Amino acid sequence: MSNGLTSDINARPWQTKALTLLRDPLTLALLAIVVMLGIGEALSPGFARGDQIVRLLTVAALLGIAAAGQNLVILSGGAGIDLSVGALISFGAVVAGNVMNGADAAILPAILAAIAVTFLFGCVNGIGVTVIRIPPIVMTLGMMAVVQGGLVVFSQGIPSGNAAPALMNFINKPMLFGLPGILFAWLALSIAMVILLRRTSLGFAIYAIGANEQAARLVGLPVKTVRVLVFGLSGALAGLTGVMVIGYTGNSFISVGDQYMLPTIIAVVIGGTSLAGGSGGYVGTVAGAIALVLLQSLLTTLHLEVWGRQLIFGATLLVLLGMYGRQQAPRV
């Protein structure tokens, strides 16, 4: 009798750990990825083939790089969401395309120009939010309209500029172990994000401000400076994404980044970052970006009508957001 009771008591910690693991957003996202790959392969043999997975990861990398900046903004709290990300991606792509104009020698100047301009736009977002006290959603929505109008003026409404061949090869062609260069760049960015959030004073400040802005201010953290910097980094990463997008497509147009605005937010949230700020991290966002791209590809593979894909996609996202959005424990 006592042995049975002892065994039951000893089993409980393992059950608790298992339940905790199954409630973890990163674990759930990884399980969702495996399940969707299995379903896709069953419905369309070759869906989980190696080259197909590499292609999906390449698309996920574009989303993941943009979501890195969104991740920082959401982590910093204050109802922070950057709705200008899509427009800044487009702006970065157009600037990079015009600076490169097909020349390999101009790749670095194009990257620097795109990042510098979008960083400044992001800082303006941060100043509007912290100094003028405009709500982040309103400020970034207004910035989105400003940037879109600036794009029309800058490009005269006509797509111009082309990606350099070396950049297109970096994004699309296998370089090492059969993988394109963008995946190694995404890996490097992921490591940098984890170090930033876990090992630096800026990362500590972002979590502290997101968890309790008033307490962070009382202990002397530079709340306004951190917020401006976070929005600036979001803009810079959007600009970098724009460079990568033009490398992926070969040319730019003024709405190329529009498709990334909402997915960057969704990838962050289903990866376990709380919309209230202060908890979450980039590793989950990476898994969220992959799961999101995989879901879109799976629905396309099913050959459904557009309305059917939108219905299933929206319903699935509601389920995922309901499961993941409650995560509160800090993680990176």
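Scroll up to find the structure this text is about.
No experiment lies behind these values; they were computed from the predicted model shown.

## Quick look at the overall build of the protein chain
So, point 1. The helix and strand inventory of the protein chain stands at 14 helices and two strands.
So, point 2. When burial is assessed residue by residue, the protein chain has 49% of its 332 residues classed as buried.
So, point 3. Taking as baseline every contact in the protein chain between residues at least 6 positions apart, the subset at least 24 positions apart corresponds to 77%.
So, point 4. Within the structure as shown, the protein chain displays about 15300 Å² of accessible surface, and the carbon and sulfur contribution to it stands at 70%.

## Some words on helix α4 (residues 85–100)
So, point 1. With 16 residues, α4 ought to run about 22 Å at 1.5 Å a step, and its terminal C-alpha atoms sit 22 Å apart, in line with that.
So, point 2. Note on α4: the residue one or two positions beyond its end, Asn101, has a positive phi of about 50 degrees.

## Digging into a nonpolar patch on the surface
So, point 1. There is a patch of nonpolar side chains on the surface, built from Val35, Ile39, Leu43 and Leu302 and spanning about 330 Å² of accessible area.
So, point 2. Position of Val35 relative to the elements: it lies in helix α2 (residues 25–43).

## Focus on unusual backbone geometry
So, point 1. Phi is positive for Asn101, close to 50 degrees, though the residue is something other than glycine.
So, point 2. By relative accessible area, which is 52% here, Asn101 ends up exposed.
So, point 3. Positive phi, close to 55 degrees, is recorded for Phe177, a residue that is not glycine.
So, point 4. Here Phe177 lies in the loop between β1 (174–176) and β2 (179–180).
So, point 5. According to the relative accessible area criterion, Phe177 is exposed, its value standing at 73%.

## Let's talk about the packing of α4 against helix α11 (residues 223–249)
So, point 1. It is the contact of α4 with α11, at a shortest axis distance of 7 Å, that shows an interaxial angle of 55 degrees. The orientation of α4 relative to α11 falls into the category oblique. Between α4 and α11 lies a crossing of right-handed hand. On α11, the residues that touch Val85, Leu88, Ile89, Gly92, Ala93, Ala96, Gly97 and Met100 of α4 are Ser234, Gly235, Ala238, Gly239, Thr241, Gly242, Val243, Val245 and Ile246.
So, point 2. Partitioning the contact of α4 with α11 into residue classes produces 10 nonpolar, seven polar and no charged.

## Comments concerning the packing of helix α3 (residues 50–75) against helix α8 (residues 181–199)
So, point 1. Where α3 contacts α8, the axes come no closer than 9 Å and their chain directions differ by 25 degrees. It follows that α3 is roughly parallel to α8 by the angle criterion. Handedness of the crossing formed by α3 with α8: left-handed. Of α8, the residues touching α3 (which contributes Val54, Leu57, Thr58, Ala60, Ala61, Leu62, Gly64, Ile65, Ala68, Leu72 and Leu75) are Ile182, Leu183, Trp186, Leu189, Met193, Leu196 and Leu197.

## Overview of the nonpolar core
So, point 1. Among the nonpolar cores identified, the biggest contains 88 residues, and Met100, Trp186, Leu189 and Met193 are the most heavily contacted of them.
So, point 2. Ranked by residue count, the leading element in this core is α3, at 14 residues.
So, point 3. Beyond its immediate stretch of four places on either side in the chain, Met100 contacts Ala106, Ile107, Ala110, Asn162, Ala163, Ala164, Leu167 and Ile246.

## Concerning the pattern of salt bridges
So, point 1. The full count for this structure, using the stated rule, is three salt bridges.
So, point 2. Here Asp51 makes a salt bridge to Arg49, at a shortest N to O gap of 2.7 Å.
So, point 3. Of the residues examined, Arg49 reaches a relative accessible area of 46% and is grouped as partly exposed.
So, point 4. Among the ionic pairs, Glu213 bridges to Arg227, the shortest N-O distance being 3.2 Å. Highlighted residues: Glu213 in helix α10 (residues 213–218) and Arg227 in helix α11, separated in sequence by 14 residues.
So, point 5. Residues joined by salt bridges that share partners form a network here, namely Glu213, Arg217 and Arg227.

## As for helix α6 (residues 136–155)
So, point 1. For α6, spanning 20 residues, the distance from its first C-alpha to its last is 28 Å, which sits close to the expected 28 Å at 1.5 Å a residue.
So, point 2. Taken as a whole, α6 has its buried residues at Pro136, Met139, Thr140, Met143, Met144, Val147, Leu151 and Ser155. One side of α6 holds all its buried residues, which, seen down the axis, span an arc of 140 degrees. Away from its buried face by more than 90 degrees, α6 exposes Val146 and Val153.
So, point 3. Structurally, α6 contributes buried residues whose contacts are with α4, α5 (107–130), α11 and α12 (261–270).
So, point 4. Positive backbone phi, at 60 degrees, marks Gln156, one or two positions downstream of α6.

Cut-offs applied
Residues numbered from 1 in each chain as written. Predicted model: local features only at pLDDT ≥ 70, side-chain atom pairs only at ≥ 80, totals over all residues. Heavy atoms only, no water. Helix = DSSP H or I, 4+ residues; strand = E, 2+ residues; numbered from the N terminus. Buried < 20%, exposed > 50% of the residue type's maximum accessible area, 1.4 Å probe, protein only. Contact = heavy atoms within 4.5 Å. Areas by Shrake-Rupley, 256 points an atom, 1.4 Å probe, with all protein chains shown as cover. Expected span 1.5 Å × (residues − 1). Patch = residues over 30% accessible without salt bridge, like charges linked within 9 Å, V, L, I, M, F, W, Y side chains within 5 Å. Salt bridge = Lys/Arg side-chain N within 4 Å of Asp/Glu carboxyl O. Axes fitted to C-alpha atoms, helices over the stretch in contact; angles between N-to-C directions. Parallel < 35°, antiparallel > 145°, perpendicular 65-115°, else oblique. Left-handed = near helix turned anticlockwise from the far one by under 90°. Nonpolar A, V, L, I, M, F, W, Y, C, P; charged D, E, K, R; others polar. Core = buried A, V, L, I, M, F, W, Y, C linked by side-chain atoms within 4.5 Å. Arc of directions from axis to C-beta.

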